[in-house]
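An overview of the molecular structure
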Amino acid sequence: SSSTSESVIQLAALGPATMLCDSTMYLTTFISMATTNKLARAFAKNDVDDQVSTLSHVMGLSLAVGAFITLLINFSGENILSAIIGPASTASVETSKQVLSAALDYSRIRSIVSPLAVMGLTSQAVLLCSQDTKTPGLAVLVASLVNIIGDYILVAKMNWGIRGAAWATSMASILANGILVRKVWQKMQRWKYNQPRKVQDVPFLSLPNREAFVSLIQLAGPIFFVLIGKIMGYSSMTITAGSFGIAPLACHNVLMRVFFFFATCGDALSHSAQTFLPGLLYRKKLHEEAMPTSLTTTASNSDVNASKNDSTNPRTLLKRLLLFSVGAGVFNSLAGRYIANSAGGTFTTDSSLVALMSRASPFMGLANFIHPITMTLEGSIIAGRDAGYLVGTYVFSLVLLLSHLRYVCSEFVAVYHALLLFQIVRIIQFGLRVW
């Protein structure tokens, strides 16, 4: 029917559009990751000057990067989306144009709030690093409520379709990120209170000087490469899914939205490792440097046993995070499969899409199980600044993933074989390094 056809086109357009918007935003998290690592060490050293200057630099850099994303999507978005969508083999020229037009509208609306969104991501990292979990929680709650209400009014009631979804997401982003940025500004004012004039004069927004920029790039550069690798991998999956037709592309969009919804748990665990481990590792290093070169046998045995059970020991914290990640992985796997198998009709009325989702859901479920564990291990590697190994693992994993998509995928479900392979290869490499 015409309504089903329109539903498929909207879902198909949502895939490339959200991939463009979310991928560009995700790529900017190299700033927040670097912020977490630098601030965690500044807190461990109790260096207020470093805290304030780092905050000023990363917020200014976030604003500049966000503005660049807005310009990029508005002026080059059509070409990028055309490359993502590609020439679907079963789609007519007219259908492809409709998908591109809808995807471009969605992307341009979302890009309007990119500067504030990037600043919000960095602000969230600052707040979590300073042990403030209430404000990010409030921001998530506000964003969820506004998004749900906006979708109901603009999409369900006013029939704005994909444009309504874009406006709902943008309004939620403005309110949630506004809360985060305002809280960080207040926190910076408290940090500067009773500090030397040099610290008090640091503005909220500034670009780093050459020395600070080099220091930031040394940490953020490898993370940026890793993020590009992830985006290339997931984008290639979307392109491969699109090569099988509009219906598989729409199905892929639904499944990946389910996957990334549960993937946020793994991202949170990775961020926890990046937040708490750098300080513990720094204190451990100071402790080891301060220890005498020789210890008695009795003292050494007691110290080692105490260290193993010490809650401030980095390895103890990592074990706890991994235990939690296993539990999260089990839940994510079961819940993700249930949604794909039993609630497919919620996303679309097209029976062929529901059947296709059920075929691919087992592999998506297994990937959802592995993802939190993988991200926890990855976060610990970033916390330890083991950049060389991290980059090397992603070069190998990405080559393997792209090769599988290029030479092995002969049907849509094989795309999710590739997703599962990507998760398995990473968890093996990270696990070998950490343990």
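Data block above holds the structure.
A short tour of the structure in this document, coming up. (Residues numbered from 1 in each chain as written. Predicted model: local features only at pLDDT ≥ 70, side-chain atom pairs only at ≥ 80, totals over all residues. Heavy atoms only, no water.)

Quick look at the overall build of the protein chain now. When you go through the protein chain residue by residue, the secondary structure sums to 16 helices and zero strands. Taken across its 435 residues, the protein chain has 50% of its residues classed as buried. Taking all contacts inside the protein chain whose residues are at least 6 apart in sequence as the whole, residues at least 24 apart take part in 85%. For the protein chain, the accessible surface area stands at approximately 20200 Å², while carbon and sulfur atoms represent 63% of it. (Helix = DSSP H or I, 4+ residues; strand = E, 2+ residues; numbered from the N terminus. Buried < 20%, exposed > 50% of the residue type's maximum accessible area, 1.4 Å probe, protein only. Contact = heavy atoms within 4.5 Å. Areas by Shrake-Rupley, 256 points an atom, 1.4 Å probe, with all protein chains shown as cover.)

Attention now moves to the packing of aromatic side chains. In this structure the tally under the stated criterion is eleven aromatic pairs. Aromatic side chains Phe43 and Trp191 sit 5.7 Å apart centroid to centroid with 75 degrees between the ring planes, which places their arrangement in the edge-to-face category. Of this pair, Phe43 sits in helix α2 (residues 29–45) while Trp191 sits in helix α7 (residues 161–192); the two residues are 148 residues apart in sequence, bridging distant segments of the chain. Given the relative accessible area of 14%, Trp191 is considered buried. Plain terms: the ring middles of Tyr234 and Phe260 are 5.1 Å apart, the flat faces sit at 80 degrees to each other, and that makes the pair edge-to-face. (Phe/Tyr/Trp six-rings, centres within 6.5 Å; stacked < 30°, edge-to-face > 60°.)

Turning to the side chain of Glu378, a few remarks are in order. Tracing the backbone shows Glu378 in helix α14 (residues 351–383). Using a relative accessible area of 1% as the deciding quantity, one classes Glu378 as buried. Residues within four places of Glu378 in sequence aside, it is in contact with Val226, Lys230, Leu390, Tyr394, Arg426 and Phe430.

Compared with an ideal rise of 1.5 Å per residue, which puts 21 residues at 30 Å, helix α15 (residues 387–407) spans 30 Å between its outermost C-alpha atoms and is within 8% of the ideal. Turning to α15, its buried residues number three or more, namely Leu390, Thr393, Tyr394, Ser397, Leu398, Leu401, His404 and Leu405. Around the axis of α15, the buried residues are gathered within 130 degrees of arc, so they sit on the same side. Exposed and facing more than 90 degrees away from the buried side of α15 are Gly388, Arg406 and Tyr407. Those residues of α15 that are buried lie in contact with α9 (210–242), α14 and α16 (414–434). (Expected span 1.5 Å × (residues − 1). Arc of directions from axis to C-beta.)

This next bit is on unusual backbone geometry. Phi is positive for Asn159, which is not a glycine, with a value near 55 degrees. For Asn159, the location among the structural elements is in the loop between α6 (134–157) and α7.

Okay, the packing of α2 against α9 next. Packing of α2 against α9 leaves a shortest axis separation of 9 Å and a crossing angle of 135 degrees. It follows from the interaxial angle that α2 and α9 lie oblique. Every pair of crossing elements has a handedness; the one defined by α2 and α9 is right-handed. Judged by residue contacts, Thr29, Phe30, Met33, Ala34, Asn37 and Lys38 of α2 engage Ser215, Leu216, Leu219, Ala220, Ile223, Phe224 and Leu227 from α9. By residue class, the composition of the contact of α2 with α9 is nine nonpolar, three polar and one charged. (Axes fitted to C-alpha atoms, helices over the stretch in contact; angles between N-to-C directions. Parallel < 35°, antiparallel > 145°, perpendicular 65-115°, else oblique. Left-handed = near helix turned anticlockwise from the far one by under 90°. Nonpolar A, V, L, I, M, F, W, Y, C, P; charged D, E, K, R; others polar.)

Taken together, the side chains of Ile112, Leu138, Leu141, Leu145, Ile149, Tyr152, Ile153, Met158, Trp160, Trp167 and Met171 define a hydrophobic patch exposed on the protein surface, amounting to about 1100 Å² of accessible area. Residue assignment for the nonpolar patch shows that the elements contributing at least two residues are α6 and α7. Ranked by the residues each element gives to the nonpolar patch, the list is headed by α6, at six residues. Within the fold, Met171 resides in helix α7. On the basis of relative accessible area, Met171 is assigned to the partly exposed category, the value being 38%. (Patch = residues over 30% accessible without salt bridge, like charges linked within 9 Å, V, L, I, M, F, W, Y side chains within 5 Å. Salt bridge = Lys/Arg side-chain N within 4 Å of Asp/Glu carboxyl O.)

Quick look at the nonpolar core now. In this structure, Tyr106, Leu255, Phe259, Phe412 and Tyr416 are the most contacted members of the largest nonpolar core, which totals 103 residues. Per element, the largest residue contribution to this core is twelve residues, and it comes from helix α3 (residues 48–85). Among all residues touching Phe259, those that are not within four sequence positions of it are Tyr234, Met364, Ala367, Asn368, His371, Leu419 and Gln423. Membership of the second largest hydrophobic core comes to seven residues, among which are Leu269, Leu277, Leu321 and Ala383. (Core = buried A, V, L, I, M, F, W, Y, C linked by side-chain atoms within 4.5 Å.)

Inspection of the secondary structure puts Thr169 in helix α7. A C-alpha to C-alpha distance of 8.0 Å links Thr169 and Val146, two positions 23 residues apart in sequence. Thr169 has contacts with Tyr106, Arg110 and Asn147, leaving out every residue within four places of it along the chain.

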